[in-house]
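This is what each chain is made of:
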Amino acid sequence: MHRPLRLLVGGCALALAIWPTSAAAWGAKGHQIVGEIAQRNLTVEARSEVDRLLHGDDETLAHASTWADRIRSDESYNWAGPLHYINGAEGAEDIVLEQDCPPRGCVVRAIERFRDQLADRQRPLAERREALKFLAHFIGDVHQPLHASYAADRGGNRLLVTFYGEPVNLHALWDSSIIERNLSWWTFRNWRGWAKTLDRKTTAVEKRTWANSTPLDWAQESFDLARSHAYAAQAGDDLGSAYHRRNLPVVEERLRQAGVRLAAVLNRVLARER
Ligand code: ADE
Ligand code: ZN
Ligand code: ZN
C-alpha cells in the first residue's frame, strides 16, 4: 500500500481502537457479545431459520441485536422506548408484573410478545424479522441489572458518579463502561473473542439450568443484582478498581446467561416440529 495511505488507514484503525463509545442500553458491545454467544448455541434448524430471516439485512445475530438501539432516533419507533426496561415499585424487593408493567409495555412483556410473533409462521417474513431483532435486543437488556430497577433515578441514569476519574451515570457505567474498560485492556476491543471465552466457560449444566426459567425470572434476577451490586454505589462516588473487580463477574455472568437464554428461546420457537 502507498505509504501516506497506509498511515491514514493505520491512524484510523488506531483512532477506532481507542475512541470511547457511548450508547443507551447494554452498549453495543454488550449486545454483540450476547448475540455471538447465542449464535454459538443455536441448533442447526434454528440457525438456518435465523439466517433466512436476517438474510440480506442484519446478517449476524450479533449485529441484529443492536438494531433496536440504532432505531431509537427514528420517531416512528417511539412506541418501543419503554420496552427496553421495567421498574419495580419504590423500595420493593420484587417485580410484580401486573403492577410494574404499564399499558404501554415493558421489557418482560415485549420479550413474550416478540417471541410469539417470531414463532408464528403465518406472519409475514418482514414482521418476523423485526420480531427477531427486537427479541435478540430485549433478552440482552433484561439481563442488565439496571434495566430492572427503580423509576425514581430512571434505572441509574440520574445517578452521577465517576469511574476511573471519568464522569458517568451509573446506568451507562453498567451498560458500557465496565465492558469497554475490559475490552480495551486485555482483549484489544475483540468482543467476539471475549464472547467465545465466555461461552467456553459455561458448562452444560449451567446452560440447561439457565434455560429453564421465564422472562419474569430474568427481570427479578436483574432487580436483585441492581439492589445488591449496582446500587452499592451512591451519587457522587468515585468508583474505580474495587467496584470494577466486584462487579465484572456479575456482568460476565449476565452476558453468558442472556446469550444462552436467547439461544434456548430461538431453538424452541424456530424448531420445525413444535
Ligand atoms: N428509563 C426509566 N427507567 C429506566 C431503566 N430502568 N432502564 C433504562 N431506562 C429507563
Ligand atoms: Zn435497549
Ligand atoms: Zn441501558
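Notes on the structure in this doc start here. (Residues numbered from 1 in each chain as written. Chains lettered and ligands numbered in written order. Predicted model: local features only at pLDDT ≥ 70, side-chain atom pairs only at ≥ 80, totals over all residues. Heavy atoms only, no water.)

1. Quick word on the overall build of the chain
Logical step 1: Helices and strands together make up the secondary structure of the chain, namely 13 helices and five strands.
Logical step 2: Counting across all 274 residues of the chain, residues that qualify as buried make up 53%.
Logical step 3: Relative to all contacts within the chain whose residues are 6 or more apart in sequence, the contacts with residues 24 or more apart total 74%.
Logical step 4: Roughly 13,400 Å² of accessible area belongs to the chain as shown, and the carbon and sulfur atoms make up 53% of that amount. (Helix = DSSP H or I, 4+ residues; strand = E, 2+ residues; numbered from the N terminus. Buried < 20%, exposed > 50% of the residue type's maximum accessible area, 1.4 Å probe, protein only. Contact = heavy atoms within 4.5 Å. Areas by Shrake-Rupley, 256 points an atom, 1.4 Å probe, with all protein chains shown as cover.)

2. Digging into the packing of helix 7 (residues 107-119) against helix 8 (residues 125-141)
Logical step 1: One way to put it is that helix 7 packs onto helix 8 with a least axis distance of 8 Å and a crossing angle of 145°. Judged by the sense of rotation from one axis to the other, the crossing of helix 7 with helix 8 is left-handed. Residue-level inspection shows Val-107, Ala-110, Ile-111, Phe-114, Arg-115, Gln-117 and Leu-118 of helix 7 in contact with helix 8, the latter providing Glu-127, Arg-128, Ala-131, Leu-132, Phe-134, Leu-135, Phe-138, Ile-139 and Asp-141.
Logical step 2: In terms of residue class, the contact of helix 7 with helix 8 is built from eleven nonpolar, one polar and four charged. (Axes fitted to C-alpha atoms, helices over the stretch in contact; angles between N-to-C directions. Left-handed = near helix turned anticlockwise from the far one by under 90°. Nonpolar A, V, L, I, M, F, W, Y, C, P; charged D, E, K, R; others polar.)

3. Quick look at the nonpolar core
One recurring pattern in soluble globular proteins: nonpolar side chains tend to sit buried together.
Logical step 1: Core analysis: the largest hydrophobic core is formed by 77 residues, its most contacted members being Ile-86, Leu-170, Leu-173, Trp-174 and Leu-266.
Logical step 2: The element that contributes the greatest number of residues to this core is helix 13 (residues 241-269), accounting for eleven residues.
Logical step 3: Setting aside its immediate chain neighbours within four residues, Trp-174 contacts Trp-26, Gln-144, Pro-145, Leu-146, His-229, Ala-230, Tyr-243, Asn-247, Val-250 and Val-251. (Core = buried A, V, L, I, M, F, W, Y, C linked by side-chain atoms within 4.5 Å.)

4. Considering the pairing of strand 3 (residues 160-163)
It is a general feature of regular strands that their side chains alternate between the two faces of the sheet.
Logical step 1: Pairing geometry for strand 3 and strand 4 (residues 166-169), over four bridges, is antiparallel. Within the sheet, the bridge partner assigned to Phe-163 lies in strand 4 and is Glu-166.
Logical step 2: The hairpin formed by strand 3 and strand 4 contains two residues between the paired strands, and Tyr-164 there has a positive phi angle of roughly 50°.
Logical step 3: Bridge analysis of strand 3 against strand 5 (residues 238-239) gives two bridges, and the strand direction is parallel. Pairing of Thr-162 across the sheet is with Asp-238, part of strand 5. (Pairing = 2+ DSSP bridges.)

5. Observations concerning the coordination of the zinc ion (ligand 2)
Logical step 1: Around the zinc ion (ligand 2), the protein contributes the donor atoms His-84 (ND1), His-137 (NE2) and Asp-141 (OD), at 1.9 to 2.1 Å from the metal centre.
Logical step 2: In terms of primary sequence, the donors binding the zinc ion (ligand 2) are separated according to H-x52-H-x3-D.
Logical step 3: The metal-metal distance between the zinc ion (ligand 2) and the zinc ion (ligand 3) comes to 5.7 Å. Here His-84, found in the loop between helix 5 (67-70) and strand 1 (86-88), pairs with His-137, found in helix 8; they are 53 residues apart in sequence, far enough to count as distant. (Donors = N, O, S within 2.8 Å, 3.2 Å for Na, K, Ca; no water.)

6. Digging into the site of ligand 1
Logical step 1: Taken together, Tyr-85, Asn-87, Leu-146, Ser-149, Arg-154, Gly-155, Asn-157 and His-171 make up all the residues around ligand 1.
Logical step 2: When ligand 1 is considered free in solution it has 260 Å² of accessible area, and contact with the protein chains removes 91% of it.
Logical step 3: Taken together, the residues of the shell around ligand 1 break down into two nonpolar, five polar and one charged. (Near = heavy atom within 4 Å.)

7. Looking at the state of the cysteines
Logical step 1: Tallying each qualifying case throughout the model produces one disulfide.
Logical step 2: Shown here is the disulfide that connects Cys-101 with Cys-106, its sulfur atoms set 2.2 Å apart. Taking the sign of the S-S torsion, about -100° here, the bridge from Cys-101 to Cys-106 comes out left-handed. Here Cys-101 and Cys-106 have matching classes, each one buried. (Disulfide = S-S within 2.5 Å.)

So far we have only geometry, and geometry alone does not tell us how the molecule works.
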